[in-house]
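# Commentary on secondary and tertiary structure
What follows is each chain in one-letter form.
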Amino acid sequence: MQVLYFAWVRERIGVAKETVDTQAATVMELVNELRAREDRYAAAFEDLSALRVAVDQDLVDFDAPLSGVREVAFFPPMTGG
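Let's shift gears to the nonpolar core. One finds Tyr-5, Val-27, Leu-30, Phe-45 and Phe-74 to be the most contacted residues of the largest nonpolar core, which totals 23 residues. With four residues, the single largest contributor to this core is helix α2 (residues 27–37). The contact partners of Val-27, leaving out residues within four places of it in the chain, are Val-53, Val-55, Val-60, Asp-61, Phe-62, Ala-64, Leu-66 and Phe-74.

Tracing the chain through its elements places Trp-8 in helix α1 (residues 8–13). A residue is classified by how much of its surface remains accessible, and Trp-8, at 24% relative accessible area, is partly exposed. C-alpha separation for the pair Trp-8 and Met-78, spaced 70 residues apart in sequence, amounts to 12 Å.

This brings us to the side chain of Thr-26. Residue position: Thr-26 is located in the loop between β2 (17–19) and α2. A distance of 3.1 Å separates the side chain of Thr-26 from the backbone nitrogen of Glu-29, its partner in a polar contact. Here Thr-26 is in contact with Phe-62, Asp-63, Ala-64, Pro-65 and Leu-66, once residues within four sequence places are set aside.

Conventions adopted
- Residues numbered from 1 in each chain as written.
- Predicted model: local features only at pLDDT ≥ 70, side-chain atom pairs only at ≥ 80, totals over all residues.
- Heavy atoms only, no water.
- Core = buried A, V, L, I, M, F, W, Y, C linked by side-chain atoms within 4.5 Å.
- Buried < 20%, exposed > 50% of the residue type's maximum accessible area, 1.4 Å probe, protein only.
- Helix = DSSP H or I, 4+ residues; strand = E, 2+ residues; numbered from the N terminus.
- Contact = heavy atoms within 4.5 Å.
- Polar contact = N/O pair within 3.5 Å; in protein donor to acceptor, adjacent residues only side chain to side chain.

Keep in mind these numbers describe shape, not what the thing actually does.
So this is what it looks like as structure tokens:
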């Protein structure tokens with residue numbers, strides 16, 4: 001699946017997107033796999049309360065299933081006015 005990183009998440013990891021081979025059943029399992037890769041991933045996913053996630057462009061919680069998913073995106077919360 002494609003994993004996309006935006007804003008400071010992208011800056012900490014060092015790439016905007018990558019193809020990830022995973023057996024993760026949920027977004028949280030994917031996060032744990034990514035955290036275990038390298039320190040830069042661990043730093044990016046250190047505080048999940050500062051992150052939002054979208055699966056196939058729909059906002060979801062970290063317990064969302066990944067079955068059949070083509071794209072997961074991680075980004076900080078949006079603010080606006």
